[in-house]
Amino acid sequence: MGETEKSVATHGVRCFSKIKMFLVALTWAYLSKALSGAYMGSMLTQIERQFDIPASLIGFISGSFEIGNLLLIIFVSYFGTKLHRPIMIGVGCATMGLGCFIISLPHFLMGRYEYETTITPASNLSSNSFLCMENRTQTLKPTQDPADCVKKIKSFMWIYVMVGNIIRGIGETPIMPLGISYIEDFAKSENSPLYIGIIEMGKMFGPVTGLLLGSFFARIYVDIGSVDTDDLTITPTDTRWVGAWWIGFLICAGLNILTSIPFFFLPKTLPKEGLKDNADETKKNKVEIYREKNREEKHGITKDFLPFIRSLFCNKIYMLFILTTVLQANAFTNMLIFLPKYLEQHYGKSTADAVFLIGFYSLPPICVGYLVGGFIMKKFKVTVKKAAYIAFCLSLIEYLLTFCNFVMTCDNFQVAGLTTSYEGVPQPLDVENMVIADCNTRCSCLTKTWDPVCGDNGLAYMSACLAGCENSVGTGINMVFHNCSCIHSSGNSSAVLGLCDKGRECDSMLQYFLIMSAINSFIFSLSAIPGYMVLLRCIKSEEKSLGIGLHTFCMRVFAGIPAPVYLGALIDKTCLHWGTLKCGEPGACRMYDVNSFRRIYLGVPAALRGSSYLPAFFILMLVRKLQLPGDVASLETEPAEMKLTEKESECVDMHRSPELESDRELKTKL
């Protein structure tokens, strides 16, 4: 008897170490995939400028990740539990690495990036053809031969990015549903919230690293090493600047492939954690594994798929939870994807600064919130009912606080002919732009090319020519223009490259916005673990993996894919000036009406989130009516113990397979 107990204890210790090994490997997998996703999100504006595409198309490229994910999510969630889950997760990580590598390919397949400018190369600066000159023929080429434009394939290289993102989405498919279900199956029920909190915290360190990586490479010019950066006339704050986005994707590719290796050495199944001192329970676990294997051999692995689907559709709490999270996901997806662009346009920050600020102010509070939420659920053994109320109240408080963002505003950039007159008087934005004025009529300037300069009067102009500048000194970003007829100031009527700063008041508003974002991020993450545990506990154990997969599938289809596309299209409508390609076609937007941008960026998510609290309220009512054994209802209670209503029981029993009934009888006898 002593030898038997010793053998069981040794086996339990081995199981304990392997479940911890899986937890560490899964945390790294979450970190890697989150790092890749955050880096992708931080580089969207760079990709938009690189390929001169509108925000709606950028939204579609972002949503292509979800397309790849939904192609396999339900089948992986169900069939994956029947197969070797750790190996499938490992294959998924390697596939994500392949997708990241494909995303970086356009940099190696196309020529150098050529940004929109009126200034000729440094070797031809002596011509001063970009300045105001009277009685001249047009020496600049606004367009090129249409045939050459057709032959130019660079504008279609964004397809590589989309395909790579689809493959990345396919690779990400097995990680969450199979990883979470593996933890739920082989970890103690009381440890599950803490483990999920650790995983979620690891998932948050990924975005922190990804955003820092994005901020770093956004400061490096895209063609670093192949161009002389001293000749550049743009800086990272310019809306034409493109950073070295491709380098980060190569790093992400290598990291994801390395992360996949440990999963190929983990077992398919483990005894339940905590059974090392109970020989009867260990024997029960072995019987369960043998029973599952025998059933698969007799009936195949597809026998219970449709009954499980029907059972989930009959679960009111589960279906309402899906509706709630779909509406919430629409809001959060939109806000996260276009947040860097919002900070750039509204507060005048560069992409590098915007990405860094997001990582510094938003993600650390989320990490802390996830960890604290998981710890509270474990420490106080919060019941399902209390978890639902906690999640609802905290989420509602965070939602109400987001309305403070509507008052943290800045004005539009003051650009003569676009947002103000040449006298500095604000003009309506719904009228046709008047970029030609009496002061520059004689200059024969290009009227669509975006090459802004900031005058010493505090006004910006679309180009040095439109500012009426006749002379220039210096090269590159140090160029200064003099004798500008449209600049009326007490100085020498000069201008420098770039838009004018928005001022200290706008910087203060940005600080308030970021502090509020940090508070909201903490409150939101604090509510996430209780809400997610309600989802897990409202699903029967045998349906858990499929239920998580179906939940993720709905979020992808109804939120992840359409949300960035329709919000991107709405944002495009707020554009005041589009860039001009060499072919004469519009490129990426150079400047937005920040007031309209703000109303759309904040208003649409607010409306979506507001509507999500109606189904969430019904969830509270249903959870309140559930009769749980002994009125304890702790999160240690398995969902199969919840007493369903008579109608729900009939619905479930109608579609329950004979195999499931025999399984339950076997469990009861054991």
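Treat the numbers as computed from the prediction; the structure is a model and nothing was measured.

Student: Describe the overall build of the protein, listing the residues and the values that go with them.
Tutor: Assigned secondary structure in the protein consists of 23 helices and 7 strands. Taking all 670 residues of the protein together, the buried fraction comes to 56%. The contacts of the protein with a sequence gap of at least 6 include a subset with a gap of at least 24, amounting to 81%. Summing over all exposed atoms, the protein offers an accessible surface of approximately 28,700 Å²; the carbon and sulfur share of this is 63%.

Student: Before we move on, could you go through the environment of Arg112 and cite the residues and values that matter?
Tutor: Within the secondary structure layout, Arg112 lies in the loop between α5 (85–109) and α6 (146–151). In this structure the C-alpha to C-alpha distance between Arg112 and Ser226, which are 114 residues apart in sequence, comes to 8.3 Å. One polar contact links the side chain of Arg112 to the main-chain carbonyl oxygen of Ser226, over a distance of 2.7 Å.

Student: If you had to explain the side chain of Ser215 to someone new, which residues and values would you point to?
Tutor: Topologically, Ser215 is positioned in helix α9 (residues 192–218). Residue Ser215 is classed as buried on the basis of its relative accessible area, which comes to 4%. A polar side-chain atom of Ser215 sits 2.8 Å from the main-chain carbonyl oxygen of Ala352. Beyond its immediate chain neighbours, meaning those up to four positions away, Ser215 contacts Ala352, Val355 and Phe356.

Student: Describe the state of the cysteines, with residues and values.
Tutor: Under the criterion given, the structure shown has 7 disulfides. Across a sulfur-sulfur distance of 2.0 Å, Cys410 and Cys506 are joined as a disulfide pair. Between Cys410 and Cys506, the S-S dihedral sits near 110 degrees, and the bridge is therefore right-handed. Taken together, the residues span a long stretch of sequence, with Cys410 in the loop between α17 (384–401) and β1 (453–455) and Cys506 in helix α18 (residues 504–537) at a distance of 96 residues. Neither residue differs from the other here; Cys410 and Cys506 are each classed as buried. There is a disulfide in this structure between Cys575 and Cys589, and the S-S distance comes to 2.0 Å. Measuring handedness by torsion sign, the sulfur bridge of Cys575 and Cys589 sits at about 100 degrees and is right-handed. Linking Cys575 in strand β6 (residues 575–580) with Cys589 in strand β7 (residues 586–592), this pair joins segments that are 14 residues apart in sequence.

Student: Run through a nonpolar patch on the surface, naming residues and quoting values.
Tutor: Residues Ile87, Val91, Leu258, Ile261, Phe264 and Phe265 make up a contiguous nonpolar surface patch of about 590 Å² in total accessible area. What makes Phe265 exposed here is its relative accessible area of 68%.

Student: Residue-level account of the pattern of salt bridges, with values.
Tutor: All chains considered together, the criterion is met by 14 salt bridges. One salt bridge connects Arg219 with Asp353, and the closest N-O pair in it is separated by 3.1 Å. Placement of Arg219 in the loop between α9 and α10 (245–260) and of Asp353 in helix α15 (residues 351–361) is noted, with a sequence separation of 134 residues between them. Relative accessible area serves as the criterion here: at 27%, Asp353 is assigned to the partly exposed category. With a shortest N-O distance of 3.1 Å, Glu470 and Arg442 are connected by a salt bridge. With Glu470 in the loop between β2 (460–461) and β3 (471–473) and Arg442 in the loop between α17 and β1, this residue pair connects regions lying 28 residues apart in the sequence. A relative accessible area of 34% means that Glu470 is categorised as partly exposed. Overlapping salt bridges bring together Lys33, Glu66, Glu172 and Arg556 as one network.

Student: Report on the packing of α15 against helix α16 (residues 363–379), specifying residues and quantitative values.
Tutor: Between α15 and α16, the least distance of the axes is 3 Å, while the angle of their chain directions is 25 degrees. Comparing the axis directions of α15 and α16 gives the class roughly parallel. Counted together, Ile358, Gly359, Phe360 and Tyr361 of α15 and Leu363, Pro364 and Pro365 of α16 form the full contact between these two elements. Grouping the constituent residues of the contact of α15 with α16 by class yields 6 nonpolar, 1 polar and no charged.

What counts and how
- Residues numbered from 1 in each chain as written.
- Predicted model: local features only at pLDDT ≥ 70, side-chain atom pairs only at ≥ 80, totals over all residues.
- Heavy atoms only, no water.
- Helix = DSSP H or I, 4+ residues; strand = E, 2+ residues; numbered from the N terminus.
- Buried < 20%, exposed > 50% of the residue type's maximum accessible area, 1.4 Å probe, protein only.
- Contact = heavy atoms within 4.5 Å.
- Areas by Shrake-Rupley, 256 points an atom, 1.4 Å probe, with all protein chains shown as cover.
- Polar contact = N/O pair within 3.5 Å; in protein donor to acceptor, adjacent residues only side chain to side chain.
- Disulfide = S-S within 2.5 Å.
- Patch = residues over 30% accessible without salt bridge, like charges linked within 9 Å, V, L, I, M, F, W, Y side chains within 5 Å.
- Salt bridge = Lys/Arg side-chain N within 4 Å of Asp/Glu carboxyl O.
- Axes fitted to C-alpha atoms, helices over the stretch in contact; angles between N-to-C directions.
- Parallel < 35°, antiparallel > 145°, perpendicular 65-115°, else oblique.
- Nonpolar A, V, L, I, M, F, W, Y, C, P; charged D, E, K, R; others polar.

Shape descriptors only; they carry no functional weight alone.
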